[in-house]
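Remarks on the overall topology
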Amino acid sequence: MIRFLDIQKVTASYDPELQEAVEAVVRSGRYLRGEQTAAFEAEFAAFCGARHCVAVGNGLDALTLILTAYKQIYAWDDGDEVIVPAFTFIATAEAVNRAGLRPVFCDISPVNFLLDTVLIEPLITSRTRAIMPVHLYGTPCAMEPLKDIAARYGLKLIEDAAQAHGAALSGKRTGNMADAAGFSFYPGKNLGALGDAGAVVTNDAELAARIRMLANYGAAEKYYHEMLGLNSRMDELQAAVLRVKLQRLDVDNGHRRTIAGRYCTLIRSKHITLPKEEAFRNSVWHIFPVLVQNRTAVQEFLRTAGVETLVHYPLPLHHQQAYAADYADKSYPVAERVAACELSLPISQVMTEEEAERVAEALNRYEPPMHSDNKNTAL
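What counts, and where the lines are drawn
Residues numbered from 1 in each chain as written. Predicted model: local features only at pLDDT ≥ 70, side-chain atom pairs only at ≥ 80, totals over all residues. Heavy atoms only, no water. Pairing = 2+ DSSP bridges. Helix = DSSP H or I, 4+ residues; strand = E, 2+ residues; numbered from the N terminus. Axes fitted to C-alpha atoms, helices over the stretch in contact; angles between N-to-C directions. Contact = heavy atoms within 4.5 Å. Phe/Tyr/Trp six-rings, centres within 6.5 Å; stacked < 30°, edge-to-face > 60°. Lys NZ or Arg CZ within 6 Å of the ring centre and 35° of its normal. Parallel < 35°, antiparallel > 145°, perpendicular 65-115°, else oblique. Left-handed = near helix turned anticlockwise from the far one by under 90°. Buried < 20%, exposed > 50% of the residue type's maximum accessible area, 1.4 Å probe, protein only. Right-handed = clockwise from strand over helix to strand, strands pointing away.

1. Observations regarding the sheet that holds strand β5 (residues 156-160)
- Strand order in the open sheet formed by seven strands is β1-β9-β8-β5-β4-β2-β3, and the pairing between neighbours is mixed. Only two strands of the sheet have a single partner each, and these edge strands are β1 (52-56) and β3 (102-106). The mean inter-strand angle of the sheet, taken between neighbouring strand axes irrespective of direction, is 25°.
- Bridge count for β1 against strand β9 (residues 198-202) is five bridges, and the pairing is antiparallel. Bridged to Val-54 within β9 is Val-200.
- Sitting on the sheet, helix α3 (residues 35-48) touches β1, β8 (180-184) and β9, and the angle it makes with β1 is about 130°.
- Lying on the sheet, helix α7 (residues 205-214) is in contact with β1, β8 and β9; it crosses β1 at an angle near 15°.

2. Examining the packing of aromatic side chains
- Tallying each qualifying case throughout the model produces 20 aromatic pairs.
- Here the aromatic residues Phe-113, Tyr-137, Tyr-263, Phe-280, Trp-285 and Phe-288 are joined through ring pairs into a cluster of three or more.
- We note Arg-173 situated over the ring of Phe-47; from NZ or CZ to the ring centre the distance is 3.9 Å.
- One Lys or Arg, Arg-248, reaches over the ring of Tyr-14 and ends 3.9 Å from the middle of that ring.

3. What about the packing of helix α2 (residues 17-28) against helix α8 (residues 236-246)?
- In contact at an axis separation of 9 Å, α2 and α8 are set at 155° when each is read in the N-to-C sense. One way to sum up the angle between α2 and α8 is to call them roughly antiparallel. The chirality of how α2 crosses α8 is right-handed. Along its contact with α2, which presents Glu-17, Leu-18, Ala-21, Val-22, Val-25 and Val-26, the element α8 presents Glu-236, Leu-237, Ala-240, Val-241 and Val-244.

4. Examining unusual backbone geometry
- Note the cis peptide between Asp-15 and Pro-16, where omega equals 10°.
- Note on placement: Pro-16 falls in the loop between α1 (7-12) and α2.
- A cis amide bond links His-312 to the next residue, Tyr-313, at an omega of 15°.
- You can see Tyr-313 is positioned in the loop between α10 (295-304) and α11 (321-324).
- Positive phi values are uncommon outside glycine, yet Ser-170 reaches one of about 55°.
- Within the secondary structure, Ser-170 sits in the loop between β6 (168-169) and β7 (172-173).
- One non-glycine residue, Tyr-223, lies in positive phi territory at about 75°.
- With respect to the element layout, Tyr-223 can be found in the loop between β10 (219-221) and β11 (224-225).
- For Tyr-223, a relative accessible area of 65% translates into the label exposed.

5. With respect to the pairing of β3
- With four of five residues buried, β3 is to be regarded as a mostly interior element.
- Here strand β2 (residues 81-85) pairs with β3 via five bridges, running parallel. When the sheet's bridge partners are listed, Val-84 is paired in β3 with Phe-105.
- In this view, the connection linking β2 to its parallel neighbour β3 by way of helix α5 (residues 91-98) has right-handed handedness.

6. What about the sheet that holds strand β12 (residues 272-273)?
- With respect to topology, three strands assemble into an open sheet ordered β12-β13-β14, the strand pairing being antiparallel. In the strand order of this sheet, the two ends are held by β12 and β14 (342-345), each with one partner.
- Note: strand β13 (residues 288-292) against β14, four bridges, orientation antiparallel. Opposite Phe-288, over in β14, you have Leu-345 as the bridge partner.
- Sitting on the sheet, α10 touches β13 and β14, and the angle it makes with β14 is about 20°.

So, to be careful, I would describe these as geometric facts and stop short of saying anything about function.
So this is what it looks like as structure tokens:
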């Protein structure tokens, strides 16, 4: 079986450095707010080309803390609005709600599945405070049009970079493309920890200082709490693991590009819609998405051929039960079509080209059922 992501093989590929780093932390007796976390913050900020990095508990907290800090600094009201894509992992929108704000969904582009900049301005109201694009599947958004809109309307621009570690566009990496960025280091990410972890990256010193306090019970000094906060801190073990993996991130992303290139060259099935080369040129391929009719049948065919696949994501946000009542009258056609047709092929830093060839060969053999009642249609 070609696994979608062989996390054990990924972890083993960093030994013995990874094992040595973990053992050093265990022996040190310092497991929170120590040298490893401080070093990772400095190294990841430098990697992104930004001034500040605040290591936190997970990616959802990273986005929530950015919005909460801005809400405090600029006196945003409860229920003020943040524009987010209708097609993404729920954490993007959930962070908005956790900060006491309201997500406003925007449809995505059929070309690259990213926030459709043409549709944003009609959504802006007197209560809009920020735009939060997602670098979905590892593909960086074109930020210049978004910066122009944000500047014209006095809005904050926040990157959800949870899937795009190391991606770059026009000489800038994700994390240094907007006012602030939130990262996740969930184990399956291109830069993954051995548990939950996240980070905020920004050039704004005031924002970074406030987030650091908010994430530490609202305190800059132990037992002296300037505001109400929460407990969201990266532990020393995760920081040590991420420091080891960060050294190889560009190389690992390069390998993912090689695998993606093999797919684009070898998959020739008329039943498969591949990512458009130009639109995904700068991707670090956290996910390799294809669009298919009869997705269930394709997935089952690949499973029997020894290929594991996943779906990212089966429902757009406005169809999730958590949001359905509030957005029952809304429709985002592109998000709905992509959710119905997207299929994620295996890709990772340890996948071999031979495995990619086997996946492509299996896809090329697929023929749809003669009398399928599946109504999915690719874009």
